[in-house]
Amino acid sequence: MKIIFLGTGGGRIVTVSQERHTGGIYIKGKRRIHIDPGPGAALLLKKEGLSPMETDAILVSHCHPDHYNDAEVLMEGMYLKERKPRGALIAPRSVTEGMDNIGPAISQYHQSRVSEVITAHPGRVIPLGSLKVVPFKTYHNEPLSVGFIIRGDEGNISYISDTALHKSLLKHQNDIDLLILSVTRPLQSRIKYHLSTEDAAYLIERIRPKMAIFTHFGRKALKSIPELQAGWTYKKTRIKTVAAQDGMVLELKDGNVELLREKWTDF
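Residues numbered from 1 in each chain as written. Predicted model: local features only at pLDDT ≥ 70, side-chain atom pairs only at ≥ 80, totals over all residues. Heavy atoms only, no water.

Draft legend 1. Here's a closer look at the overall build of the protein. In terms of helices and strands, the protein carries 9 helices and 16 strands. Taking 2.2 N^0.38 as the reference for a compact globule, 267 residues should give roughly 18 Å; the C-alpha atoms of the protein span a radius of gyration of 17 Å, in line with that estimate. Projecting the C-alpha coordinates of the protein onto the three principal axes gives extents of approximately 50 × 40 × 35 Å. Restricting to contacts in the protein with at least 6 residues of sequence separation, those with at least 24 account for 61%. Accessible area of the protein: about 11,400 Å², with a carbon and sulfur share of 49%. Of the charged side chains in the protein, 37 are positive and 29 negative, and the gap between their average positions amounts to 3 Å. (Helix = DSSP H or I, 4+ residues; strand = E, 2+ residues; numbered from the N terminus. Rg over C-alpha atoms; globule rule 2.2 N^0.38 Å. Contact = heavy atoms within 4.5 Å. Areas by Shrake-Rupley, 256 points an atom, 1.4 Å probe, with all protein chains shown as cover. Lys, Arg positive; Asp, Glu negative; His and termini not counted. Charge placed at Lys NZ, Arg CZ, Asp CG, Glu CD.)

This is how it looks when you write it as structure tokens:
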């Protein structure tokens with residue numbers, strides 16, 4: 001199972017400036033999964049030699065454009081493989097139906113282009129071939145936002161999307177091999193609804209993954225040098241912690257995580 005970072009930026013300023021790309025995370029294994037395909041995801045798939053026609057599921061954590069923007073285009077690609085609805089969209093109701101003044105992010109037409117639209121209720125176990133996807137509640141300013149745990153034969157991945165620090169984030173986080181955290185803010189710069197470096201360290205110490213990855217950097221996190229933030233976290237937790245770069249590729253095999261490529265060098 002390969003984990004490809006099609007973008008490591010997040011938040012309004014970085015999404016607009018594209019200082020870091022915002023294409024989300026692509027999992028290439030027995031099932032192909034695209035997590036949070038923000039602006040530029042379709043272009044970055046092409047750069048990586050991947051096609052949305054091969055994608056089996058799109059996972060959207062919440063209804064903000066740096067997490068859903070390219071989903072409709074990619075769902076169209078999923079449909080085109082067989083010229084009929086194929087694959088799944090897994091997302092909270094805010095993304096698929098809308099609530100209050102939020103969403104929907106994906107039209108009913110595009111939802112009809114996949115075989116299944118599955119609501120990401122926290123704690124629900126969603127079979128995806130040999131994989132199991134388990135959404136869990138996060139604490140963002142989008143009230144239905146979730147993260148995702150993906151369990152499979154090669155190992156277990158947890159993706160913690162935008163959230164405030166909360167003890168209930170630890171629920172379901174057992175036997176995690178790879179922990180991916182959206183660390184929008186650096187040390188001593190916490191803001192509402194987002195993780196800072198010290199928040200991430202708190203979670204890493206308790207979840208105890210084999211490797212932790214920082215991604216989804218805001219402007220201030222980038223200015224504070226993500227590699228230094230990851231280094232501080234390693235010293236505190238003694239868990240290998242890596243600041244992702246655009247184009248980074250990891251391999252998860254038999255529960256072990258290996259870095260295959262650090263970044264793109266020609267973009």
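Having seen it, we continue.
Draft legend 2. Expanded view of the pairing of strand β3 (residues 32-35). Here strand β2 (residues 22-28) runs beside β3; their pairing, made up of 4 bridges, is antiparallel. By the bridge assignment for β3, K28 is matched with R32. In this structure, β3 lies alongside strand β4 (residues 57-59), joined through 3 bridges in parallel fashion. Considered in β4, the bridge of I35 is made with L59. The parallel pair β3 and β4 is bridged by helix α2 (residues 41-47), and the resulting crossover is right-handed. (Pairing = 2+ DSSP bridges. Right-handed = clockwise from strand over helix to strand, strands pointing away.)

Draft legend 3. Representation of the pairing of strand β1 (residues 2-7) in the model. Counted residue by residue, β1 has 5 buried out of 6 residues, so it is predominantly covered. By the bridge criterion, 3 bridges tie β1 to strand β15 (residues 249-253) in an arrangement that is antiparallel. The partner of K2 across the bridge, within β15, is E251. Strand direction decides the pairing type here: β1 and β2, joined by 5 bridges, are antiparallel. Counterpart to I3 in the pairing with β2 is I27. (Buried < 20%, exposed > 50% of the residue type's maximum accessible area, 1.4 Å probe, protein only.)

Draft legend 4. Fine view of the packing of helix α7 (residues 197-207) against helix α9 (residues 226-237). Put simply, α7 and α9 touch, their axes get as near as 10 Å, and they point 35 degrees apart. Classified by chirality, the crossing of α9 by α7 is right-handed. Taking contact as the criterion, the partners of T197, E198, A201, I204 and E205 in α7 are, on α9, Q229, W232, T233, K236 and T237. For the contact of α7 with α9, the class distribution of residues is 3 nonpolar, 4 polar and 3 charged. (Axes fitted to C-alpha atoms, helices over the stretch in contact; angles between N-to-C directions. Left-handed = near helix turned anticlockwise from the far one by under 90°. Nonpolar A, V, L, I, M, F, W, Y, C, P; charged D, E, K, R; others polar.)

Draft legend 5. A look at the nonpolar core. By size, the foremost hydrophobic cluster in this structure holds 32 residues, and its most contacted members are I3, F5, L59, L178, I180, I213 and L250. Examining the composition of this core, we find that 3 residues originate from one element, strand β9 (residues 146-152), more than from any other. (Core = buried A, V, L, I, M, F, W, Y, C linked by side-chain atoms within 4.5 Å.)

Draft legend 6. Fine view of α7. Buried residues of α7: T197, D199, A200, A201, L203, I204 and I207, and no others. Buried residues belonging to α7 abut β10 (155-160), β11 (178-185), β12 (195-196), β13 (211-215), α9 and β14 (241-243). Once α7 finishes, R208 follows within two positions and takes phi at roughly 60 degrees, a positive value.

Draft legend 7. Fine view of the side chain of Q173. On the secondary structure map, Q173 appears in the loop between β10 and β11. Within the local environment of Q173, its side chain forms a polar contact with the backbone oxygen of L169, the two atoms lying 3.3 Å apart. If near-sequence neighbours (up to four positions away) are discounted, Q173 is found in contact with F136, I149, S158, I160, L179 and I207. (Polar contact = N/O pair within 3.5 Å; in protein donor to acceptor, adjacent residues only side chain to side chain.)

Draft legend 8. Fine view of the pattern of salt bridges. Inspection of every chain in the model, using the stated rule, returns 9 salt bridges. D177 is the salt-bridge partner of K210, the closest N and O atoms lying 3.4 Å from each other. A residue pair is termed long-range when its members are at least 10 positions apart, and K210 in the loop between α7 and β13 and D177 in the loop between β10 and β11 qualify at 33 residues. With a shortest N-O distance of 2.6 Å, R190 and D199 are connected by a salt bridge. Under the relative-accessibility criterion, R190 is labelled exposed at 52%. (Salt bridge = Lys/Arg side-chain N within 4 Å of Asp/Glu carboxyl O.)

Draft legend 9. Representation of the packing of aromatic side chains within the structure. One pass over the full model with this rule turns up 0 aromatic pairs. A cation sits over an aromatic face here: K137 above Y139, 5.0 Å from the ring centre. Taking the ring centre of Y202 as reference, the NZ or CZ of R206 above it sits at 3.6 Å. (Phe/Tyr/Trp six-rings, centres within 6.5 Å; stacked < 30°, edge-to-face > 60°. Lys NZ or Arg CZ within 6 Å of the ring centre and 35° of its normal.)

Draft legend 10. Just the environment of H194, in detail. With respect to the helices and strands, the residue H194 is situated in the loop between β11 and β12. Distance in space between the C-alpha atoms of H194 and E116 is 30 Å, their sequence separation being 78 residues. Here H194 is in contact with H140, D162, T163, A164, T184 and D199, once residues within four sequence places are set aside. For H194, the side chain forms a polar contact with the main-chain oxygen of K192, separated by 2.9 Å.

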